[in-house]
Amino acid sequence: MNLSDESFILKLKIAVLKALKGSDGDGYYDMIIEPNKTASAFLIELIRYRELFFFLAWRDILARYKQTVLGIAWSVLRPFCAMLVFTVIFGRLAKFPSEGVPYPVLVFSAMLPWQYFSNALQESSGSIISRSAMITKVYFPRIIMPASTVIVSAVDFLISFALLAFLMLWYGFLPSGYIFFMPMFFLLATISAAGIGFWISALVVKYRDFHHIVPFMVQFGLYVSPVGFSSSVIPERWRLLYSLNPMVGVIDGFRWCIQGEGSPLYLPGLAASVVMSAALFWSGAKFFRRTERFFADFI
Amino acid sequence: MSNTVIKVEGLGKKYNLTKKNTLAYVSLRDSLTMYAKRVGEKIAHPFAARPSSAPASKNEFWALRDVNFSVAQGEKLGVIGHNGAGKSTLLKVLSRITEPTTGRVSIKGRVSSLLEVGTGFHYELSGRENIFLNGAILGMRRAEIKRNFDAIVEFSGVEQFLDMPIKYYSSGMTVRLAFAVAAFLNTEILIVDEVLAVGDAEFQKKCIGKMDEVNHKEGRTVLFVSHNMSAVASFCGRGLLLEQGSVSSVGDISSIVARYAGGGGESGSSASFPPGFHGDDEAELIEVNIKKESGQRAIDFAITEPIRISIKYRVKQENASLTPGIFLTNSTGERVLLSKDAPFDGDGTKKTSRGVYLASCVIPGNFLNDGMYAIGLEMTTMTQAVSHFYVPNALSFMVLDNMENTPTRGLYRGPFQGVVRPLLKWDSEKIS
C-alpha cells in the first residue's frame, strides 16, 4: 500500500463518499460543500495534507533562530539557565532532598519535559490567530496549525535533551534502564500539550481573553508541577488528586526513567495523568473540529 | 450536463453584525455577563417566555443569497460585481475557507484557490525555501514542486536571489515569485481572486498567458475575479455578475462586462444626486451624464467616437469663484487625465451668480485607449485651494475597439499598449 499515491487516496475517498452518499445522477462529485457538514473524510484529508503539516513545522524551525546571534543555542540556553536558578535556590540554599542524584540532573530531568510542555502549549495556543492571514486565504484542515507547532517544540526538546545527556556524563551518573520508557512519557507530554493547545487556540479565535490566560497557566503550572521538588513531598492522600495535573505523570515518569528505583512510579497517579491528558486531547480535538468552520468569519 | 464540474445551488452566507456594525470579536467577559444576566432573569422570572435581553441588537447581513450557477469543465468564468457584491465571499465559500449558511456546492476535481499571492510566505526564509512552503500551502505535493522547481524559478526570474531571504526582495520580485509558484498548480479547477492586480503590466500579461496556456492544454476550469475589466474580458469566455449577494446575470463575457459597466444599456449613462449629497454651501452637484456627439446617451463608445461629459451643478452664493473639473481613471487605477474649465480672465477667477449651470466638455475620438474608464468630478475654488465636492467614481464608460476601421491601429491586430492612444499626425519624407 503506497500512501503517497494520489490515485490511491482518491480511490479511498470515492469509496468512502460512495458509501456515505451514494452516487447521484450527475455522476460522482469529489467534494460537497454544505452548511454544518461533518467532514466524513477528515482522516483522509489529514493524510492528504500531511506534507503541509511538516512544511509548517519546518518553516517555524527554520525561521525561529534566523537573524539571532546564538541561533539554535537558544533552545539549550533557556532550560540551562532555569536549571541553574533552581539548583542554586532549591538545591544549595534551601537544601531540598535530592534522593542521591546530582541535584542539577534531578531538576533538569523535570525541567526538560516542563519546558517542552509549556513551549508547546504557548505556541499552539496562539497558532491560529498569529497566522490569521493564512486562515482567511487558503483552506487546509485547521488542526494542522496547533499540531505542527507542537512538533516545533519537540525539536527544541530533542536539542535540550542532548544537554541532559551531557549533564549526566559530567556528573558520571548512569541512568536506569527505564530510560527506554522515556518516549512514552514524551508522548504523554505531547498529547496533553496538544489537547490544551486545541482547546485554547480555538477559543482564542472568538474570545481573545484566553490569550492572556496562557502565560498565567504556564507560570502557575511551574509551581504546581513537581519541577523544583519531587512529588513524593505531597501527602499520600492528596497524591491521586494532585496527579490529575497531567504534567505530574510526565515529570514523575521522566524522573523514574532516569533515576529508576530511586524515584519509584506512583501508578494510580500515572493512570490519572494518562486519563486526564487523553480526555484533554480527545475533547480538544472534538471542540476544535466543531468550531474550526467559523474561524475565517471571526478571526 | 454531464461535464459540469462546479454546481452551486441555493448558496447563501449570513453574517451576524454586532451593535457596532462590525464583525468584531467578543470578549469572554461580555459573553459571561450576558449569560449571567439571562440566568439571573430566569431565576427572577422563571416563567418568562424568553429572556428580555434576547439579542435584539443583532443585525443579519446576507453576503450571498440564493446563488445558483454551474460551470462546465474547461470553462473560464469571470465573476464581476461592485465592491460588496459578494465576490470575495463566494470565492471563500468555494475554496472552503468559510462555510455557507444555506445551499450546497458540488465540485468535481481538485480545487486550488489563489485568493492572495504568497500566502504563508515567511520573510526570513529564502526564495528557495518559500517556493516549497508556498507550494505546500497551495496544496502541491513535494514531489510536484521538486519536478517543477526549475520552471518555477525561471518563470519568476529571480534566479540570482534564490538563496537570499525574501525580506530583501523588492515587492515586485516577491509577487513574481509567488505567482510563479501558483502558475504551476496543476489542479483541475483554479479559483483566482484579484491577485493579478499587484504585478506590473508586463508580468500580468505573462501570467494571463501562462494561465491561458495551461487552460488550453489541460482543459482546466478557471474562476476569475477582477476589477480589471479588460483582463476579465480577454481571459474569460463567460461572465457572472453579482449584485448585492445574488446573481444578476450570467452569460457571454462581453455582455456581462457591458452590463456591469452601465447597469445595462443607457441607464448607466447618467447619475443624479439629491441636494446636499455632494457639495457645500457654495456649490453642489446635481447631475452628470455622458453622451455621444449625436446627443444620444451611452456608456459604450467606439474608439473613434468623441465622448461628451456634462456636469449640472447649482451655485448657491453670489460671486462665487468656481472651477468644475473632470478626471478619468482607467481600470488599472491609473489617472489618465484631469481637465478643468479654467478660463483665466483677468485675475484668474471667474465670478458666477447664483443659479444652475451646465458645464460640458468633449473627449475627442481617437484619443483614449480601449478599456474601461471611471469619470471623477470635482468643483474647486482655485484661488483658495478649496474643494466643494470631489466624486472619484461618478460614472463609468467603455471604449471599444472593434478592430475594423480603427485609424490608430492600422492592420495590427494585437493588444495596443499605452494609457492613451491618440491619433497623431505623422510626417514622413525622403531626406536622402
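Residues numbered from 1 in each chain as written. Chains lettered and ligands numbered in written order. Predicted model: local features only at pLDDT ≥ 70, side-chain atom pairs only at ≥ 80, totals over all residues.

## Considering the overall build of chain A
Put simply, the rule is: By the criteria applied, helices consist of DSSP H or I runs no shorter than four residues and strands consist of E runs no shorter than two, each listed in order from the N terminus. Working definition of burial: number of other C-beta atoms within 10 Å of the residue's own, with buried at 20 or more, exposed at 12 or fewer, and partly exposed in between, all C-beta atoms being placed from the backbone. Any pair of residues counts as being in contact when their C-beta atoms, constructed from backbone geometry, are within 7 Å of one another.
Each helix and strand counted, chain A has 14 helices and one strand in total. Evaluated residue by residue, chain A yields a buried proportion of 41% over its 299 residues. Intrachain contacts of chain A at a sequence separation of at least 6 include 81% that bridge at least 24 residues.

## Regarding the overall build of chain B
The helix and strand tally for chain B stands at eight helices and 20 strands. Here chain B, with 432 residues, has 37% of them falling under the buried criterion. Taking the contacts inside chain B whose residues are at least 6 apart along the sequence as the reference set, 70% of them involve residues at least 24 apart.

## As for the pairing of strand 19 (residues 371-381) of chain B
Residues and elements named next belong to chain B. Where we set the bar: Pairing between strands requires that DSSP locate at least two bridges from one strand to the other.
In terms of residue burial, strand 19 counts as a mostly covered element, since eight of its eleven residues are buried. Looking at chain direction, strand 15 (residues 323-330) and strand 19 are connected through eight bridges and run antiparallel. Residue Phe327 lies in a different strand from strand 19, and its bridge partner there is Gly376. Where strand 19 meets strand 20 (residues 386-400), ten bridges bridge the pair, whose relative direction is antiparallel. Looking across to strand 20, one finds that Ile375 is bridged to Leu395. The turn joining strand 19 and strand 20, which pair antiparallel and follow one another in sequence, is formed by four residues; a positive phi near 55 degrees is taken by Ala385.

## Overview of helix 13 (residues 267-291) of chain A
Side chains of residues three or four places apart in an α-helix project in the same direction, reflecting 3.6 residues per turn. Residue and element names in this part refer to chain A. Quick note on the threshold: Helix span, expected: 1.5 Å multiplied by one less than the number of residues in the helix.
With 25 residues, helix 13 extends 36 Å between its outermost C-alpha atoms, agreeing within 8% with the 36 Å of an ideal straight helix rising 1.5 Å per residue. Listing the buried residues of helix 13 in full gives Gly269, Ala272, Ser273, Met276, Ser277, Leu280, Phe281, Gly284 and Phe288. Those residues of helix 13 that are buried are in contact with helix 9 (182-206), helix 11 (236-242) and helix 12 (246-259).

## Description of the confidence of the model for chain A
For any part of a model where pLDDT is low, the fine detail of the predicted coordinates should not be relied upon. To keep things clear, this is the line we draw: pLDDT gives the predictor's per-residue confidence on a scale running from 0 to 100.
Across chain A, the average pLDDT comes to 82, with 86% of residues at 70 or higher. In the model, residues 21-26 of chain A has pLDDT below 50 throughout and makes three contacts with residues more than four positions away in sequence or in other chains.

## Some points on the environment of B:Val336
Residue and element names in this part refer to chain B. Of note, Val336 is situated in strand 16 (residues 335-340). Distance from Val336 to Leu64, taken between C-alpha atoms, is 35 Å for residues 272 residues apart in sequence. Those residues in contact with Val336 that sit more than four places away from it in its chain are Leu328, Thr329, Asn330, Tyr373, Val419 and Val420.

## Some remarks on the packing of helix 9 of chain A against helix 12 of chain A
Residue and element names in this part refer to chain A. For clarity, the cut-off: Fitting a line to C-alpha atoms yields each axis, with helices limited to the stretch in contact; the angle taken between N-to-C directions then spans 0 to 180 degrees. In what follows, roughly perpendicular refers to angles from 65 to 115 degrees, roughly parallel to angles under 35, roughly antiparallel to angles over 145, and oblique to any angle outside these ranges. Left-handed describes a crossing whose near helix is turned anticlockwise from the far helix through less than a right angle; right-handed describes the clockwise counterpart.
Running from N to C, helix 9 and helix 12 cross one another at 160 degrees; their axes reach a closest spacing of 9 Å. Accordingly, the angle class assigned to the pair helix 9 and helix 12 is roughly antiparallel. Crossing of helix 9 against helix 12: the hand is left-handed. Facing Met182, Phe185, Leu188, Ala189 and Ser192 of helix 9, the residues of helix 12 in contact are Pro246, Met247, Gly249, Val250, Gly253, Phe254 and Cys257.

## Digging into the sheet that holds strand 5 (residues 111-114) of chain B
Residues and elements named next belong to chain B. With respect to topology, six strands assemble into an open sheet ordered 5-6-7-3-8-9, the strand pairing being mixed. Strand pairing shows two members of the sheet lacking a second neighbour, strand 5 and strand 9 (246-252), which therefore form its edges. Neighbour to neighbour, the strand axes of the sheet diverge by 15 degrees on average, direction disregarded.

## Focus: the confidence of the model for chain B
Residue and element names in this part refer to chain B. When pLDDT is averaged across chain B, the result is 81; 82% of the residues are at 70 or more. When mean pLDDT is compared element by element in chain B, strand 13 (residues 307-315) scores highest at 93, while helix 6 (residues 201-218) scores lowest at 67. Low confidence marks residues 19-24, where pLDDT is under 50. Its contacts with residues over four positions away, or in another chain, come to six contacts. Across residues 49-57 the pLDDT falls below 50, and counting only partners more than four positions away or on other chains, this stretch makes nine contacts in the model.

## What to know about the interface of chain B and chain A
Put simply, the test is: Residue type decides the class: Asp, Glu, Lys and Arg count as charged, Ala, Val, Leu, Ile, Met, Phe, Trp, Tyr, Cys and Pro as nonpolar, and the leftover types, Gly among them, as polar.
Counting residues at the interface gives 40 residues for chain B and 31 residues for chain A. Listed by contribution, the elements that provide at least two residues to the side of chain B that touches chain A are strand 1 (4-17), helix 1 (28-44), helix 2 (87-94), strand 4 (102-107) and helix 3 (127-137) of chain B. Of the residues in the side of chain B that touches chain A, the class split is 16 nonpolar, 13 polar and eleven charged.

## Comments concerning helix 5 (residues 171-183) of chain B
Counted at 1.5 Å a residue, the expected span for helix 5 of chain B with its 13 residues is 18 Å, and the 18 Å between its end C-alpha atoms agrees. Helix 5 of chain B sits mainly inside the fold: ten of its 13 residues count as buried.

## Section: the sheet that holds strand 20 of chain B
Strand pairing in a sheet is mediated by backbone hydrogen bonds. Such pairs are either parallel or antiparallel. Residues and elements named next belong to chain B. Strand order in the open sheet formed by five strands is 12-20-19-15-16, with mixed pairing between adjacent strands. A strand with exactly one partner marks an edge of an open sheet, and here the two such strands are strand 12 (300-302) and strand 16. Strand-to-strand twist of the sheet, defined as the mean angle between neighbouring strand axes without regard to direction, takes the value 30 degrees. Examined bridge by bridge, strand 15 and strand 16 share five bridges and lie antiparallel to one another.

## Some words on the environment of B:Val247
Residue and element names in this part refer to chain B. Turning to its location among the elements, Val247 is positioned in strand 9. On the basis of neighbour count, Val247 is assigned to the buried category, with 21 C-beta atoms found within 10 Å. Residues Val247 and Val8, 239 residues apart in the sequence, show an inter-C-alpha distance of 11 Å.

## A word on unusual backbone geometry
When glycine is set aside, most residues are seen to have a negative phi, and most peptide bonds are trans. All names here are of chain B. Its identity as a non-glycine residue notwithstanding, Arg96 has a phi of 70 degrees, on the positive side. Relative to the assigned elements, Arg96 resides in the loop between helix 2 and strand 4. Residue class for Arg96 comes out buried when judged on the 21 C-beta atoms lying within 10 Å of it. Of note, Asn366 is a non-glycine position whose phi angle comes to about 55 degrees, a positive value.

## Section: the packing of helix 3 (residues 50-64) of chain A against helix 8 (residues 144-170) of chain A
Residues and elements named next belong to chain A. Where helix 3 meets helix 8, the closest approach of the two axes is 8 Å, and the angle between their N-to-C directions is 50 degrees. On the basis of their axis angle, the class for helix 3 and helix 8 is oblique. By crossing handedness, the relation of helix 3 to helix 8 is classed as right-handed. Across from Leu52, Phe53, Leu56, Ala57, Asp60 and Ile61 in helix 3, the residues of helix 8 making contact are Ile144, Ala147, Ser148, Thr149, Ile151, Val152 and Val155. Split by residue class, the contact of helix 3 with helix 8 holds ten nonpolar, two polar and one charged.

## Thoughts on the environment of A:Pro246
All names here are of chain A. With respect to the helices and strands, Pro246 occurs in helix 12. Here Pro246 falls in the buried class, since 27 other C-beta atoms lie within 10 Å of it. Taking C-alpha positions, Pro246 is 19 Å from Pro146, a pair spaced 100 residues apart along the chain. Here Pro246 is in contact with Leu188, Ser192, Ser273, Met276, Ser277 and Leu280, once residues within four sequence places are set aside.

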